[in-house]
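Chain residues, written in single-letter form:
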Amino acid sequence: MGPVIERLTGDALHGAIAELTGWELRGDGLAIERKYAFADFIEAFGFMTRVAIMAEKADHHPEWFNVYNRVEITLTTHDAGGVSQRDIAMAKAIAALVA
């Protein structure tokens, strides 16, 4: 069994989200979300491919939705029952792909 992944709560959660640009806490407080818009479907799909490769290497996979040039991403750590440092790190890495 791997290490226990701690859920971020309270000030730790809000402080971590404050470090992110464009990400918001989902209404139930158990995930972070962000919407991206690209020039076209190919650009959106290329972004999703880069995220997928990164997510596979990190063994931390997003929940997402794509329509044409839009990609909506939700990050949560199911093992922790909410947002963990893994989600914050993934959000930063995703943001770096489009910076």
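Up top you'll find the structure we're talking about.
Residues numbered from 1 in each chain as written. Predicted model: local features only at pLDDT ≥ 70, side-chain atom pairs only at ≥ 80, totals over all residues. Heavy atoms only, no water.

### Re the overall build of the protein chain
Part 1 of the reasoning: What the protein chain contains, in helices and strands, is three helices and four strands.
Part 2 of the reasoning: When its helices and strands are written in sequence order, the protein chain yields α-β-β-α-β-β-α.
Part 3 of the reasoning: Computed over C-alpha atoms, the radius of gyration of the protein chain comes to 13 Å, within 12% of the 13 Å expected from 2.2 N^0.38 for 99 residues, which places it in the range of a compact globule.
Part 4 of the reasoning: Judged by the C-alpha coordinates and their principal axes, the protein chain covers about 40 × 30 × 20 Å. (Helix = DSSP H or I, 4+ residues; strand = E, 2+ residues; numbered from the N terminus. Rg over C-alpha atoms; globule rule 2.2 N^0.38 Å.)

### Thoughts on the sheet that holds strand β4 (residues 70-75)
Part 1 of the reasoning: Read from one edge to the other, the open sheet built from four strands follows the order β1-β2-β4-β3, with strand pairing classed as antiparallel. Of all strands in the sheet, those with a lone pairing partner are β1 (24-25) and β3 (63-67), marking the two edges.
Part 2 of the reasoning: Inspection of the sheet shows β3 paired to β4 by five bridges, in the antiparallel sense. For Val67, the partnering residue across the bridge sits in β4 and is Arg70.
Part 3 of the reasoning: Each of β2 (32-37), β3 and β4 touches helix α2 (residues 41-58); the most contacted strand, β3, lies at about 165 degrees to it.
Part 4 of the reasoning: Seen against the sheet, helix α3 (residues 85-98) touches β2 and β4 and runs at an angle of roughly 10 degrees to β2. (Pairing = 2+ DSSP bridges. Contact = heavy atoms within 4.5 Å. Axes fitted to C-alpha atoms, helices over the stretch in contact; angles between N-to-C directions.)

### Points about the packing of aromatic side chains
Part 1 of the reasoning: Under the counting rule described, the total for this entry stands at four aromatic pairs.
Part 2 of the reasoning: Consider the rings of Tyr36 and Phe47, whose centres lie 5.0 Å apart with planes at 50 degrees: the pair is tilted. Here Phe47 lies in helix α2 and Tyr36 lies in strand β2, a separation of eleven residues in the sequence. The pair Tyr36 / Phe47 is uniform in exposure class, with both members buried.
Part 3 of the reasoning: With a centroid separation of 4.8 Å and an interplanar angle of 40 degrees, the aromatic rings of Phe38 and Phe47 are classed as tilted. Side by side, Phe38 and Phe47 carry an identical accessibility label, which is buried.
Part 4 of the reasoning: An aromatic cluster of three or more residues is present, and its members are Tyr36, Phe38 and Phe47. (Phe/Tyr/Trp six-rings, centres within 6.5 Å; stacked < 30°, edge-to-face > 60°. Buried < 20%, exposed > 50% of the residue type's maximum accessible area, 1.4 Å probe, protein only.)

### Things to note about the environment of Ile88
Part 1 of the reasoning: Here Ile88 shows up in helix α3.
Part 2 of the reasoning: The spatial distance from the C-alpha of Ile88 to the C-alpha of Leu8 is 9.8 Å, given a sequence separation of 80 residues.
Part 3 of the reasoning: Ile88 has contacts with Leu8, Ala16, Ile17, Leu20, Ile32 and Val83, leaving out every residue within four places of it along the chain.

### What to know about the environment of Thr21
Part 1 of the reasoning: Structurally, Thr21 is set in the loop between α1 (10-18) and β1.
Part 2 of the reasoning: Between the alpha carbons of Thr21 and Ala91 there is a distance of 9.1 Å; along the sequence they are 70 residues apart.

### Regarding α1
Part 1 of the reasoning: Within the sequence span of α1, burial applies to Leu13, Ala16 and Ile17. In an axial view of α1, the angular spread of the buried residues amounts to 100 degrees, which keeps them on one side of the axis. The outward face of α1, more than 90 degrees from its buried face, is lined by the exposed residues Asp11 and Ala18.
Part 2 of the reasoning: Where α1 is buried, its residues meet β1, β2 and α3. (Arc of directions from axis to C-beta.)

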